[in-house]
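Below, each chain spelled out in residue letters.
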Amino acid sequence: MTDLGTSALAAQIGGDVIVPQDPSYADLCHVFNAMVDKRPAVFARCKSADDVAAAIRFSRANDLDLSVYCGGHGVTGAALADGGLVVDLRLMDGVEVDPVAKTARVQGGATWGVIDAATQEHGLAVTGGRVPGTGVAGLALGSGSGWIERKFGLTCDNLLSVEMVTADGAVITASEAENADLFWGTRGGGGNFGVVTSFVFQLHELGPTVYGGMLMYPAQMAADVLRNFRDFMADAPDEIGGGVAMITAPPEEFIPEPVRGQPVVGVVLCYAGPAEEAEAAMKPLTGFGPPAMPMVGPMPYLAVQKLIEPGNPPGMRNYWNADFLTGLPDEAVEILCEAHLSNPSPLTAIILLPGGGAIARVPDDAMAFGQRAAPFNLHILSMWPEVSMDDACIAWTRELGAAIKPFTSGYAYLNFIGDEGHDRVVAAFGEKTFKRLQELKDRWDPDNVFRLNQNITPSGAGQEPAAV
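Please read these numbers as outputs of a predicted model, since none were measured by experiment.

What counts and what doesn't
- Residues numbered from 1 in each chain as written.
- Predicted model: local features only at pLDDT ≥ 70, side-chain atom pairs only at ≥ 80, totals over all residues.
- Heavy atoms only, no water.
- Helix = DSSP H or I, 4+ residues; strand = E, 2+ residues; numbered from the N terminus.
- Buried < 20%, exposed > 50% of the residue type's maximum accessible area, 1.4 Å probe, protein only.
- Contact = heavy atoms within 4.5 Å.
- Areas by Shrake-Rupley, 256 points an atom, 1.4 Å probe, with all protein chains shown as cover.
- Lys, Arg positive; Asp, Glu negative; His and termini not counted.
- Charge placed at Lys NZ, Arg CZ, Asp CG, Glu CD.
- Phe/Tyr/Trp six-rings, centres within 6.5 Å; stacked < 30°, edge-to-face > 60°.
- Salt bridge = Lys/Arg side-chain N within 4 Å of Asp/Glu carboxyl O.
- Expected span 1.5 Å × (residues − 1).
- Axes fitted to C-alpha atoms, helices over the stretch in contact; angles between N-to-C directions.
- Parallel < 35°, antiparallel > 145°, perpendicular 65-115°, else oblique.
- Nonpolar A, V, L, I, M, F, W, Y, C, P; charged D, E, K, R; others polar.
- Pairing = 2+ DSSP bridges.
- pLDDT = per-residue confidence, 0-100.

**Student:** Mind showing me how you'd approach the overall build of the protein chain here?
**Tutor:** Within the protein chain, the secondary structure is distributed over 15 helices and 18 strands. Within the protein chain, the fraction of its 468 residues that count as buried is 59%. Partitioning the intrachain contacts of the protein chain with sequence separation of at least 6 by distance along the chain shows that 72% fall at a separation of at least 24. Accessible surface, the protein chain as shown: approximately 18200 Å² in total, 52% of it carbon and sulfur. If the 30 positive side-chain charges of the protein chain are averaged to one point and the 56 negative ones to another, these points end up 3 Å apart.

**Student:** Any chance you could explain the side chain of Thr166 here in plain terms?
**Tutor:** By the element assignment, Thr166 lies in the loop between strand 8 (159-165) and strand 9 (171-175). A relative accessible area of 2% places Thr166 in the buried class.

**Student:** Could you clarify how one ought to interpret unusual backbone geometry in this entry?
**Tutor:** Most peptide bonds take the trans configuration, and most residues that are not glycine carry a negative phi. Residue Pro208 is bonded to the preceding Gly207 through a cis peptide linkage, with omega at 10 degrees. Mapped onto the elements of the fold, Pro208 is located in the loop between strand 11 (204-205) and strand 12 (209-218). In the segment running from Gly289 into Pro290, the intervening peptide bond is cis, with an omega of 10 degrees. Within the secondary structure, Pro290 sits in the loop between helix 10 (283-286) and strand 15 (293-300). Non-glycine residue Lys102 carries a positive phi angle of around 60 degrees. Relative to the helices and strands, Lys102 is located in the loop between strand 5 (95-98) and strand 6 (103-107). Its identity is not glycine, yet Asn179 carries a phi of approximately 50 degrees, on the positive side. With respect to the helices, strands and loops of the structure, Asn179 is situated in the loop between strand 9 and helix 7 (180-186).

**Student:** What should I look at first to understand the packing of aromatic side chains in this one?
**Tutor:** Each aromatic ring pair is characterised by the separation of its centres together with the angle its planes make. Under the definition given, this model contains six aromatic pairs. Between Tyr25 and Phe43, the aromatic rings sit 5.7 Å apart at their centres with planes inclined by 75 degrees, giving edge-to-face as the arrangement. With Tyr25 in helix 2 (residues 25-28) and Phe43 in strand 2 (residues 42-45), this residue pair connects regions lying 18 residues apart in the sequence. Here Tyr25 matches Phe43 in class, with each residue buried. Ring-pair connections join several aromatic residues into one group, and the members of that group are Trp112, Phe199 and Phe201.

**Student:** What is the right way to read the pattern of salt bridges from this model?
**Tutor:** Any two side chains of opposite charge can pair, on the condition that their charged atoms come close. According to the stated counting rule, one finds 21 salt bridges in the structure shown. A salt bridge links Arg187 to Glu176; the nearest nitrogen and oxygen atoms lie 3.4 Å apart. Of this pair, Arg187 sits in the loop between helix 7 and strand 10 (195-202) while Glu176 is found in the loop between strand 9 and helix 7, placing the two residues 11 residues apart along the sequence. Measuring nitrogen to oxygen at the nearest pair gives 2.3 Å for the salt bridge that ties Arg361 to Asp238. One end of the pair, Arg361, is in the loop between strand 17 (349-354) and strand 18 (376-384); the other, Asp238, is in the loop between helix 8 (222-233) and strand 13 (240-248), and 123 residues separate them in sequence. Several salt bridges share partner residues, and in doing so they unite Asp323, Lys405, Glu420 and Arg424 into one network.

**Student:** How do you make sense of helix 12 (residues 330-342) when you look at a structure like this?
**Tutor:** Residue pairs three or four apart in sequence face the same way in an α-helix, which turns once every 3.6 residues. Its 13 residues place the ends of helix 12 19 Å apart at the C-alpha level, agreeing with the 18 Å of an ideal helix rising 1.5 Å per residue. Within helix 12, burial applies to Ala332, Val333, Ile335, Leu336, Cys337, Ala339 and His340. Those residues of helix 12 that are buried are in contact with helix 8, strand 13, strand 14 (263-271), strand 17, strand 18 and helix 13 (390-404).

**Student:** How should the packing of helix 14 (residues 422-429) against helix 15 (residues 431-444) be read in this particular structure?
**Tutor:** For any two helices packed against each other, one specifies the crossing angle of their axes together with the interaxial distance. Running from N to C, helix 14 and helix 15 cross one another at 110 degrees; their axes reach a closest spacing of 6 Å. Put simply, helix 14 runs roughly perpendicular to helix 15. On helix 15, the residues that touch His422, Val425, Val426 and Phe429 of helix 14 are Glu431, Thr433, Phe434 and Leu437. Among the residues making up the contact of helix 14 with helix 15, the classes are represented as five nonpolar, two polar and one charged.

**Student:** I'm lost on the sheet that holds strand 1 (residues 17-18) in this one. Help?
**Tutor:** What holds strands together in a sheet is hydrogen bonding between their backbones, with the strands either parallel or antiparallel. Within the open sheet, the four strands sit side by side as 1-2-4-3. Their pairing is mixed. Sheet topology places strand 1 and strand 3 (66-69) at the edges, where each strand pairs with a single neighbour. Of the pairings in the sheet, the one linking strand 1 to strand 2 comprises two bridges and is antiparallel in character. The residue of strand 2 that forms the bridge with Ile18 is Phe43.

**Student:** Mind showing me how you'd approach the pairing of strand 2 here?
**Tutor:** When a strand is regular, its side chains alternate between the sheet's two faces. Taking every second residue as pointing to the same face, both faces of strand 2 are buried, with Val42 and Ala44 on one and Phe43 and Arg45 on the other. Taken together, the four bridges between strand 2 and strand 4 (residues 85-88) define a ladder with parallel strand orientation. Bridging across to strand 4, Ala44 finds its partner in Val87.

**Student:** Any chance you could explain helix 8 here in plain terms?
**Tutor:** In a regular helix each residue adds 1.5 Å, so 12 residues correspond to 16 Å; helix 8 covers 16 Å between its end C-alpha atoms and thus fits that length. The buried fraction of helix 8 amounts to nine of the 12 residues, a majority that puts the element mostly inside the structure. Taken residue by residue, helix 8 has Ala222, Ala223, Val225, Leu226, Asn228, Phe229, Arg230, Phe232 and Met233 as its buried positions.

**Student:** Before we go on, may I ask you to explain the confidence of the model for the protein chain in this structure?
**Tutor:** Any segment with low pLDDT has predicted coordinates that should not be analysed in fine detail. Confidence in the prediction of the protein chain, expressed as mean pLDDT, is 93, and 97% of residues score 70 or more. Contacts of residues 462-468 to residues separated by more than four positions or lying in other chains number 16 contacts, the stretch itself having pLDDT below 50.

**Student:** How should the environment of Leu9 be read in this particular structure?
**Tutor:** With respect to the helices, strands and loops of the structure, Leu9 is situated in helix 1 (residues 3-10). Among the residues examined, Leu9 registers a relative accessible area of 0% and is labelled buried. Sequence-wise, Leu9 and Leu336 are 327 residues apart; in three dimensions their C-alpha atoms are separated by 51 Å. Sequence-distant contacts of Leu9, that is, excluding residues within four places in its chain, are made with Val17, Val42, Ala44, Ala54, Ala55, Phe58 and Leu85.

Okay, structure coming up:
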C-alpha cells in the first residue's frame, strides 16, 4: 500500500490511521495471546460507524485482508490481519445506560470492565465477561457466557439490537423488528456478517452487593468437590451461578501455606438473587469440605467479576480447547482430576461451567447459538510464559481434549476454541444451523470479507478460509 493510499484513508475517517512506521504501531499489535505475532499493514482507528464503513471500502479497494479489533482477547488472535487492515474499535468504548428502561447502548470497542462499571452505578447488570478485559463485541457475537447466566441467560439472550456495518459499507440495524434473519445469525454467529459498532442490551437488577466469592480445596479433594458440585447443580435454583476452576494456587501470602503454589480446586460462586436467601441456598456448596480457603460472603458484584482476573494475565502464551459435555460421570471426573495433577504449567486452568436455568429454557433454534441442553461447558485454558514450554503445554491440552471426547456432544462454545479448521466450526454449530448461517453469509457477505474469525464460508467459496 502506498503513502498516497494511507493519506486517502486518513482523509476519510475521524480517527487516526497508523502504519508500521508510526511510534504507536507496536503497542497496537499486542493481543492477549502472546503466541500471536502478526503485523498488519494499517490500523484504522475508528470513531464512528461511518469511519468503519470507509475502512471496509478502503480494504476492499486495495485487496487487503480485514480484521476487527475490539478487545483482542480471543485466543486465535483474529483481531489482527497479518499484512492487512485492522478496523480498530478501541476508541469506540462508550456505554449509555437507561436506568428506567433498564437498557444499555454499548459501543463495539468496549470491554466488560467498562460495561460492568457503568451498569453497576444503577444496580443493574447483564451477563458477560469473567475477565474485565474481554471485549463486549467478541463475547456477545459468539453468544456470551458469565457467572449470572443461569438466572439472566447468555449475553446474546439479552441482546435487543445491533448497529452493523456490512461488507458493502452500509450502516444498518438488526433486531427482532428489522433485518430479523440477520439478527438471528448475529446472536451466536460471530462477526461473520459485518462489523457491529453498537449493541443494545437488556439489563437486570443486581448488585451493587451480591453474595459470592470462591472456595478453594486441595487437589486431593478434587474428585469429591466435582461430584458434589455436579450433583447439587443438577437441581440448583437459577440464582446460583458459578463454576469449578482446577488451578494452581498462587504463591501469595493470603493463600494458606499448605496449598500455596500447589494444585487446587476453586469453586466460584455468585448468587443472582436476594442476599438474605443466598447463604441457605448455597449451603450444600459452601458447607462442603471444609475448604482450605473459604472466601464467600457479601461482596461487590464488580469484585466477583474480577475473581479470576489475576489468573488470566495478558502477554502469556495460550492454547485452548473446549467442548459441551453430555454429562459428568465419575469416569470423566477422574480424567479431569488426573490431568490436573499432570498439568505442566501453573497458569493453566480446567474450567467447568454448569448449564441449566435460563440458558436451557431458550429454544435451540431461537438464534444461531443453540446447544441449550448441555449440562456442562468445559474450557481447557492452557497458559504459560516461555516458548520452551510450547510443546509440553500444547500436547497436554490435546491429550486431555482427546481423553474427554467420549463425554462430549460434538458442539462447542466458539469463543473458547482455537483455530481448529472448517469442519470444527460446522460441528460446533451443527449442520442444520450452519446451513442457515451459510444462507445468511451468501446474502450479506458472499465474498467472505469477514473471514478472519470462526468462519462461516459462503456456499460459493472455492477454498478454505484464511487461517485466523
